[in-house]
Amino acid sequence: MSNTGTDLVGVKDYAGADPGFDPDVYRTLLESTLAIPWRIDWATMTFAYIGPQIEPLLGWPRGSWKTIDDWASRIHEEDRQRVVDFCVSQSMAGVDHEADYRALTRDNGYVWIRDVVHVVRDETGKVESLVGFMFDITERKKTEQDLLDMQKRLETLSFEDGLTGASNRRMFDNRLETEWKSACRKGTPLSAILIDLDHFKQFNDRYGHIAGDECLIRVAGALKQAGRRPRDVVARFGGEEFVILLPETDAASALHLAECCRDAIDDLQIPHEGSQCSTLVTASIGVGTTQPAVRTGARDFLAAVDRLLYAAKQQGRNRIVAATV
C-alpha cells in the first residue's frame, strides 16, 4: 500500500469501533499537527503511510519513504546502529517504545527526532504493524546541551583559581588523594613541587596589588607550560604559593621539572627591586618524591615537601631543595 494512501495510523481500528467515524476528519487532524504520523507493515517492512509533514522537516520527498531501510539510512551514522537495534528488538518483543536520534536532512544537516512507537498485534498476538509519531525535538535537545555545557563550565570554575586560571586548592586536594591511592595500588612514585615567590609582600608594597595579580597570572601561565602532561596538576596553593603534583614521576624527573619552572619564572623578567635576593621575581622551590604506602598519608607527604620549601628559604631563597621523603 502506498505511504500516501488512506491507511492512516490506526484508522481501521477506529473505523471498526465506530461505523460513523469519518476517515477524512481523522486525516485532517493528523496532518495538521507538527507531529509526523507513520505506519509500517511488519511483514513487508514497508511504509503503509507517512505524514506529509516529513518533507518540509527533513527535505526527503514523501514518496521516498518506502521501506525500513529508507528510515535507517536517514539516521545519523553515530546513532544508527544503536537506534535500529533497539527499535527492532523492542518491536519483535511486542513492546511499545520510543527513541531519540538525529535524522539526516536532504541538505546534509540533521534534526533531532523522538520516535514514539506502538506495536499493533493481530487476534493471534502476532505483530502486524508498527504505528507511531515522529516529533521534532531539536530545540529541546539544544536547551539540554546548553544546560549541560553550563553545568560543565560551573564544575570547571569550582575547581579553578579565579585569578590565575590554575587549579585551585580544592582540585589539588582531590587529585592528591586520588593519585596517592593510585600510586599505592600500582607501586609507582609520586612527586610534588612547592613554589613560593620570594619576598612577594615587598613586591605588592612597591608595585601595588594590581601588578601583584598580574605577576601571579604570568607565573601561573609559565608553570602550566612546564607541567603539561594530562595527569599533572598545577594549582595555586595559596597567596603567592603554587604546587605541581606529578604522578608516576621519579626524583630525577621531578628535579628536572623544578629547574624548568625556575628557569621559566626567570625568563619572565619581572622586575622586583624590593627583593633581597634578586632584581627580578624569583622563587624558592621544594621538591619531594616518595613511594606512597597505605600506612602513610598524602598529607604527611605534602608536609615533608613543605619542609623542603622552608629549607630553600632558610638557605637564602631563589633556589631548589629536593629530596626523597
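Residues numbered from 1 in each chain as written. Predicted model: local features only at pLDDT ≥ 70, side-chain atom pairs only at ≥ 80, totals over all residues. Heavy atoms only, no water.

Caption draft 1: Layout of the pattern of salt bridges. The final tally for this structure, using the stated rule, is 21 salt bridges. Salt-bridge contacts for Asp-100 lead to Lys-141; the nearest nitrogen and oxygen are separated by 3.7 Å. Taken together, the positions of Asp-100 in strand β3 (residues 97-104) and Lys-141 in helix α6 (residues 138-158) put the pair 41 residues apart, joining distant regions of the chain. A salt bridge links Asp-146 to Lys-142; the nearest nitrogen and oxygen atoms lie 3.2 Å apart. A residue pair is termed a helical-turn pair when its members lie 3 or 4 positions apart in one helix, as Asp-146 and Lys-142 do in helix α6 at four residues. The structure contains a network of salt bridges with shared partners spanning Glu-98, Asp-100, Arg-114, Lys-141 and Glu-144. (Salt bridge = Lys/Arg side-chain N within 4 Å of Asp/Glu carboxyl O. Helix = DSSP H or I, 4+ residues; strand = E, 2+ residues; numbered from the N terminus.)

Caption draft 2: The arrangement of the pairing of strand β1 (residues 36-41) in detail. Among the six residues of β1, five are classified as buried, and the element is accordingly described as predominantly covered. Judged from the four bridges that link them, β1 and strand β2 (residues 46-50) form a sheet pairing that is antiparallel. Among the inter-strand pairings, Arg-39 is bridged to a residue of β2, identified as Tyr-49. Taking the residues between adjacent antiparallel strands as the criterion, β1 and β2 are bridged by four residues, where Met-45 takes a positive phi near 55°. (Buried < 20%, exposed > 50% of the residue type's maximum accessible area, 1.4 Å probe, protein only. Pairing = 2+ DSSP bridges.)

Caption draft 3: Examining unusual backbone geometry more closely. Although it is not a glycine, Met-45 sits at a positive phi angle of roughly 55°. With respect to the element layout, Met-45 can be found in the loop between β1 and β2. On the accessibility criterion, Met-45 (25% relative accessible area) is partly exposed. Located in the positive-phi region is Gln-269, a residue other than glycine, with phi close to 55°. With respect to the secondary-structure elements, Gln-269 resides in the loop between α10 (251-267) and β9 (283-290).

Caption draft 4: Structural detail: the packing of helix α7 (residues 169-186) against helix α11 (residues 298-314). Look at α7 against α11: their axes get within 10 Å of each other, and the N-to-C directions meet at 115°. The two elements α7 and α11 cross, and the hand of that crossing is right-handed. Of α11, the residues touching α7 (which contributes Arg-169, Phe-172, Asp-173, Leu-176, Glu-177 and Trp-180) are Ala-298, Arg-299, Phe-301 and Leu-302. Grouping the amino acids of the contact of α7 with α11 by side-chain chemistry returns six nonpolar, no polar and four charged. (Axes fitted to C-alpha atoms, helices over the stretch in contact; angles between N-to-C directions. Left-handed = near helix turned anticlockwise from the far one by under 90°. Contact = heavy atoms within 4.5 Å. Nonpolar A, V, L, I, M, F, W, Y, C, P; charged D, E, K, R; others polar.)

Caption draft 5: Representation of the sheet that holds strand β6 (residues 190-197). Strands sit in the order β7-β8-β6-β9-β10 across an open sheet of five strands; the sheet is mixed. Every other strand in the sheet has two partners, leaving β7 (233-238) and β10 (320-324) as the edge strands with one partner each. On average, each strand axis in the sheet is tilted by 15° relative to the strand beside it, whichever way the strands run. Taken together, the seven bridges between β6 and strand β8 (residues 241-247) define a ladder with antiparallel strand orientation. If you follow Leu-194 over to β8, its bridge partner there is Val-243.

Caption draft 6: Here's a closer look at the nonpolar core. Formed by 27 residues in total, the largest nonpolar core has its most connected members in Ile-193, Ile-195 and Leu-197. Excluding its chain neighbours within four sequence positions, the residues that come into contact with Ile-195 are Leu-223, Glu-240, Glu-241, Phe-242, Ile-244, Cys-261, Ile-265, Ala-283, Ser-284 and Ile-285. Ile-40, Phe-47, Ala-99 and Val-117 belong to the second-largest nonpolar core, a separate cluster that totals 26 residues. (Core = buried A, V, L, I, M, F, W, Y, C linked by side-chain atoms within 4.5 Å.)

Caption draft 7: Highlighting the sheet that holds strand β4 (residues 110-121). Spatial ordering of the open sheet is given by β2-β1-β5-β4-β3, a layout of five strands whose pairing is antiparallel. In this open sheet, the two edge strands, each paired with only one partner strand, are β2 and β3. When strand polarity is set aside, the average angle formed by the axes of neighbouring strands in this sheet is 30°. When β1 meets strand β5 (residues 127-136), the two strands line up antiparallel, connected through six bridges. Residue pairing across strands places Ile-36 opposite Met-134, the latter belonging to β5.

Caption draft 8: Geometry of helix α9 (residues 209-226). For α9, which comprises 18 residues, the first-to-last C-alpha distance of 26 Å matches the rise-based estimate of 26 Å (1.5 Å per residue) to within 8%. Residues of α9 that are buried include every one of Gly-212, Cys-215, Leu-216, Val-219, Ala-220, Ala-222 and Leu-223, and no others. In a view along the axis of α9, the buried residues occupy a sector of 165°, so they form one face of it. Opposite the packed face of α9, turned more than 90 degrees from it, sit the exposed residues Ile-210 and Gln-225. The inward-facing, buried residues of α9 abut β6, α8 (200-207), β7, β8 and α10. (Expected span 1.5 Å × (residues − 1). Arc of directions from axis to C-beta.)

Honestly, that's just the spatial picture; any functional story needs more than this.
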